[in-house]
Amino acid sequence: MPVPCRTGCGKNAMLKRPKTGDALCKECFFWAFETEIHFTITKGELFKKGDSVAVAASGGKDSTVLAHVLKTLNERYNYGLNLMLLSIDEGITGYRDDSLETVKQNRDDYEMALKILSYKELYGWTMDEIVAQIGRKNNCTFCGVFRRQALDRGAAMLNVKCIATGHNADDIAETVLMNVLRGDIARLKRCTAISTGSEGTIPRVKPLKYTYEKEIVMYAHYKKLVYFSTECVFAPNAYRGHARALLKDMEKIRPTCIMDIIYSGETMEVKEAVSLPSQRVCIRCNFVSSQEVCKACVLLEGLNKGLPKLGIGKSSKAKRMLEEYNAKQHKSLEEAIKDINEEYEKNNCISKGKVCRSSCKSKQTAQINKTHKTTSETCCNGQSDEKLNTDNDITNSKVKVLLKEYGLSEPAQDDSSNLIAVKIDHSNTEKVGNATNDDDFEVDSHNTDEQIVDEDDTCGGACGKIDSLHISF
Ligand code: SF4
Ligand code: ZN
């Protein structure tokens, strides 16, 4: 027997709202769904009239529904927003390339401008390449950290006032649970905030904060929205997946638990004595960071140095890895320069490897290089000056190539000394290293915790969500 819609609209109910249990017809469900989001936006004062807003769009259900509802509400309530789509292309073949096609469809359907920014153009690496380097264990750490910064960069390029993300109530409840389970007080404090962003950053807002995931799926289904629902090919069985499974089990028994957990997170107080990380600017890329060098720069440094695990795990481990790496680099560089020096000596003195005692320039080298024994009369007597200069240039260019190969830039030229011999000196070799700002690259020693990606930026594709893709920026 048909059940009438609970609102008394006179139509028959089509569905039972997961959030409230109300039996509603389709139209009343749409109205309730959209109006709740409107209340969330107005109560949280997420936008101001005339704002430009970037909707973080992955092509998944959350961001597709968000774009659709924001467009609807913008027109219905005259928000006066300039909405656009911002997508990040992580470079995951068979996944992101397909989902971006969905985003392009959204662009056409919703008549919004679209900006796509790729990891390749920002960092020089695609996720496919990163996974080939690091394997499939920590891939989401790289992906999440890079995505966060990529979104910031894209929003800055679009000159928007804020970024609207598709985080829904289930995501936030899971994050509260996870932060409780691992005692992450700093994240627990901020994970329920509807608007995040410190001074100097573009704020992120979550209009779907109180919207149940099941209702998002229903809304997309009944509205026949086009969205992409394949899981990322690199999605691991992450910790979040366990928190999600736990939440789903509890939701079956008590659907309000999602809102209750969010409420608990919102009202939990953090003791003043608990120290929280302060915000500053990364000395390398100038983006906001809680460390001297931001996590994205640490991870990128590791990739570029062939140390992909550099940003994974404790910072003390990262420091040790860097020290070992630098020591190895210096040792190899010294050996290579020694080879070049020996070749240089052979080529530049007419004594050809016998020994030069006179005033020719090979004498300088001989003095500096203790292994060069002086004995003989078959010396060039300084006649090879011209040749020496030429050969010096050649050798210098060899050194340049060598330095480049080792990722080290050339030191300041010291005219008063023999360039090659100077580089053999260890203290000067270190200076060569400094030219690459290696010393600037420090991992904050205060942060000895396991490095965990900010859950706000972790892709939900990592959680193994059933029946739909969950990419939440
Ligand atoms: Fe990136 Fe998400 Fe895939 Fe992990 S699951 S690699 S975070 S897209
Ligand atoms: Zn940085």
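Rules used in this analysis
Residues numbered from 1 in each chain as written. Chains lettered and ligands numbered in written order. Predicted model: local features only at pLDDT ≥ 70, side-chain atom pairs only at ≥ 80, totals over all residues. Heavy atoms only, no water. Helix = DSSP H or I, 4+ residues; strand = E, 2+ residues; numbered from the N terminus. Buried < 20%, exposed > 50% of the residue type's maximum accessible area, 1.4 Å probe, protein only. Contact = heavy atoms within 4.5 Å. Areas by Shrake-Rupley, 256 points an atom, 1.4 Å probe, with all protein chains shown as cover. Donors = N, O, S within 2.8 Å, 3.2 Å for Na, K, Ca; no water. Tetrahedral: all angles 85-135°; square planar, octahedral: opposite > 155°, others 65-115°. Pairing = 2+ DSSP bridges. Axes fitted to C-alpha atoms, helices over the stretch in contact; angles between N-to-C directions. pLDDT = per-residue confidence, 0-100. Core = buried A, V, L, I, M, F, W, Y, C linked by side-chain atoms within 4.5 Å. Phe/Tyr/Trp six-rings, centres within 6.5 Å; stacked < 30°, edge-to-face > 60°. Right-handed = clockwise from strand over helix to strand, strands pointing away.

Caption draft 1: Up close: the overall build of the protein chain. Within the protein chain, the secondary structure is distributed over 17 helices and 10 strands. Burial statistics for the protein chain: of 473 residues in total, 51% are counted as buried. Sequence separation of at least 24 residues holds for 70% of the intrachain contacts in the protein chain that already meet a minimum separation of 6. Approximately 23000 Å² of the protein chain is accessible, and the part contributed by carbon and sulfur atoms is 50%.

Caption draft 2: The coordination of the zinc ion (ligand 2), seen in detail. For the zinc ion (ligand 2), the protein coordination sphere consists of Cys282 (SG), Cys285 (SG), Cys294 (SG) and Cys297 (SG), at 2.2 to 2.4 Å. Taken together, the 4 donor atoms coordinating the zinc ion (ligand 2) and their angles of 106 to 116° define a geometry best described as tetrahedral. Ordering the donors of the zinc ion (ligand 2) by residue number gives the pattern C-x2-C-x8-C-x2-C. With Cys282 in the loop between β9 (280–281) and β10 (288–289) and Cys294 in the loop between β10 and α12 (295–304), this residue pair connects regions lying 12 residues apart in the sequence. By the burial criterion, Cys282 is buried, and Cys294 matches it.

Caption draft 3: Fine view of the sheet that holds strand β6 (residues 162–164). One open sheet holds the 6 strands; their spatial order is β5-β4-β3-β6-β8-β7, and the pairing between them is mixed. At either end of the open sheet lies a strand with only one pairing partner, and these are β5 (113–118) and β7 (195–196). Of the strand pairs in this sheet, β6 and strand β8 (residues 204–205) are connected by 2 bridges, and their pairing is parallel. Each residue of the ladder has a partner; that of Ala164, found in β8, is Val205. Across the face of the sheet, helix α2 (residues 61–76) comes into contact with β3 (52–56), β4 (82–89) and β6 while running at roughly 155° to β3. Strands β3, β4, β5, β6 and β8 of the sheet are contacted by helix α6 (residues 139–158), whose axis makes an angle of about 140° with β4.

Caption draft 4: Quick peek at the confidence of the model for the protein chain. In the predicted model, the protein chain carries a mean pLDDT of 77, and the fraction of residues at 70 or more is 69%. Confidence drops under a pLDDT of 50 for residues 407–456, and excluding neighbours within four residues, the segment shows 101 contacts in the predicted structure. The low-confidence segment residues 460–473 (pLDDT under 50) makes 59 contacts with residues lying over four places distant or belonging to another chain.

Caption draft 5: Local environment of the nonpolar core. Ranked by internal contacts, the top residues of the largest apolar core, which has 46 residues, are Tyr119, Tyr123, Met127, Ile130, Phe142, Phe146 and Leu303. Those elements that place two or more of their residues in this core are β3, β4, α4 (119–123), α5 (127–134), α6, α12 and α13 (315–348). No other element matches α6, which puts 7 residues into this core. Residues contacting Phe142, with those up to four places away along its chain left out, are Ile130, Ile134, Leu299, Leu303, Pro308 and Ile312.

Caption draft 6: Fine view of the environment of Ala296. Turning to its location among the elements, Ala296 is positioned in helix α12. A C-alpha to C-alpha distance of 8.5 Å links Ala296 and Gly311, two positions 15 residues apart in sequence. Ala296 has contacts with Val145, Phe146 and Gln149, leaving out every residue within four places of it along the chain.

Caption draft 7: View of unusual backbone geometry. The phi torsion at Glu45 lies on the positive side, around 45°, for a residue other than glycine. With respect to the helices and strands, the residue Glu45 is situated in the loop between α1 (26–43) and β3. Given a relative accessible area of 67%, Glu45 falls into the exposed group. Of note, Asn78 is a non-glycine position whose phi angle comes to about 55°, a positive value.

Caption draft 8: Quick look at the packing of aromatic side chains. This model, assessed by the stated rule, comprises 10 aromatic pairs. Aromatic pair Tyr123 and Phe146: ring centres 4.2 Å apart, planes at 20°, arrangement stacked. Pair noted here: Tyr123 is in helix α4 and Phe146 is in helix α6, with a separation of 23 residues, a long-range link. Given the relative accessible area of 7%, Tyr123 is considered buried. A residue is classified by how much of its surface remains accessible, and Phe146, at 0% relative accessible area, is buried. Aromatic side chains Phe142 and Phe146 sit 6.2 Å apart centroid to centroid with 75° between the ring planes, which places their arrangement in the edge-to-face category. Of the two residues, Phe142 and Phe146 both sit in helix α6, 4 residues apart, roughly one turn of that helix. The buried category is assigned to Phe142, whose relative accessible area is 0%. Among the aromatic residues, ring-to-ring pairing joins Phe29, Phe30, Phe33 and Tyr219 into one connected group.

Caption draft 9: Region of the structure containing the pairing of β5. Pairing analysis gives 6 bridges linking β4 to β5, with the strands arranged parallel. What sits directly across from Met84, in β5, is Ala113. Between the parallel pair β4 and β5, the chain is carried across by helix α3 (residues 96–110), and the sense of this crossover is right-handed.

Caption draft 10: Region of interest: the pairing of β4. The buried fraction of β4 amounts to 6 of the 8 residues, a majority that puts the element mostly inside the structure. Regarding topology, α2 serves as the crossover connection from β3 to the parallel β4, and that connection is right-handed.

Caption draft 11: Main features of the environment of Gly200. Mapped onto the elements, Gly200 comes out in the loop between β7 and β8. With relative accessibility at 80%, the residue Gly200 sits in the exposed group. Each C-alpha atom of the pair Gly200 and Val281 lies 9.3 Å from the other, and the pair is 81 residues apart in sequence.

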